[in-house]
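Breakdown of the fold
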Amino acid sequence: MRSVTYSMAVSLDGYIVGPDGGFDWTAPSEDVFRFSIDEIREVGVHLMGRRLYETMLYWETADQDPSLDDDMLEWAALWKPLPKVVFSTTLSAVQGHARLVSGGLAEEIERLRAEPGEGDIAIGGAALAAEAAALGLIDEYRARVCPVLVGGGIPFFPQRERRVDLELVETRTFSSRVVYLRYRVAR
């Protein structure tokens, strides 16, 4: 069965976006970006909310940007054909290899897990991940902890009153002082 993973950059105090809406502090160093390329290779489908979808739209046409380096072109080549499922009640259409869903996260994950297919089911975006976590649907949490305290904003971890025990699977420290933590939900 395909695993559901939640992977994002997070500040040391637990936020994916700061109180001003900024996330410039998540810009990856070269080694973190290479790691992200390797990580996206393991993804079979990516689930996301409207805000993350709109942020990632750039990569649908990034391969036409002559200023991109080889790593960025490689990321674009992997991201563009990747199937994406966008959960939104405000969008009326999506672009590229994306399809729009207006509800039913649990049903969508159940359907994707039952389908034959390679790769993880990745979830991006705090709101969608919080919903999946509350339903007990996330199998792994993957945090790239950035060496910054932002003091508020959108939290990485959902604020639910539910205990979830985790098993440490992998750690890695990058030259930029970013620390990668990969935990599997203990079941």
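The protein chain is annotated in an unreviewed UniProt entry as Bifunctional deaminase-reductase domain protein of Streptomyces violaceusniger.

**Let's talk about helix H4 (residues 105-114)**
When H4 is considered as a whole, its buried residues turn out to be Leu-105, Glu-108, Ile-109, Leu-112 and Arg-113. Relative to the axis of H4, the buried residues are bounded by an arc of 130 degrees and lie together on one face. Opposite the buried face of H4, at more than 90 degrees from it, the exposed residues are Glu-107, Glu-110 and Ala-114. Contacts from the buried residues of H4 go to strand S1 (4-11), strand S3 (43-49), strand S4 (84-87), strand S5 (98-101), strand S6 (120-124) and helix H5 (126-134).

**Brief notes about H5**
Buried residues of H5: Ala-126, Leu-128, Ala-129, Ala-130, Ala-132 and Ala-133, and no others. Where H5 ends, the next residue or the one after it, Gly-136, has phi of about 70 degrees, a positive value.

**A short note on the packing of helix H1 (residues 30-41) against helix H3 (residues 70-79)**
At their nearest, the axes of H1 and H3 sit 10 Å apart, and the two run at 20 degrees to each other. As far as their axial angle goes, H3 and H1 are roughly parallel. Seen from above, H1 lies across H3 with left-handed handedness. Along its contact with H1, which presents Glu-30, Phe-33, Arg-34, Ser-36, Ile-37, Ile-40 and Arg-41, the element H3 presents Asp-71, Met-72, Glu-74, Trp-75, Leu-78 and Trp-79. Across the contact of H1 with H3, the residue classes break down as seven nonpolar, one polar and five charged.

Each value, and the rule that gives it
- Residues numbered from 1 in each chain as written.
- Predicted model: local features only at pLDDT ≥ 70, side-chain atom pairs only at ≥ 80, totals over all residues.
- Heavy atoms only, no water.
- Buried < 20%, exposed > 50% of the residue type's maximum accessible area, 1.4 Å probe, protein only.
- Helix = DSSP H or I, 4+ residues; strand = E, 2+ residues; numbered from the N terminus.
- Arc of directions from axis to C-beta.
- Contact = heavy atoms within 4.5 Å.
- Axes fitted to C-alpha atoms, helices over the stretch in contact; angles between N-to-C directions.
- Parallel < 35°, antiparallel > 145°, perpendicular 65-115°, else oblique.
- Left-handed = near helix turned anticlockwise from the far one by under 90°.
- Nonpolar A, V, L, I, M, F, W, Y, C, P; charged D, E, K, R; others polar.

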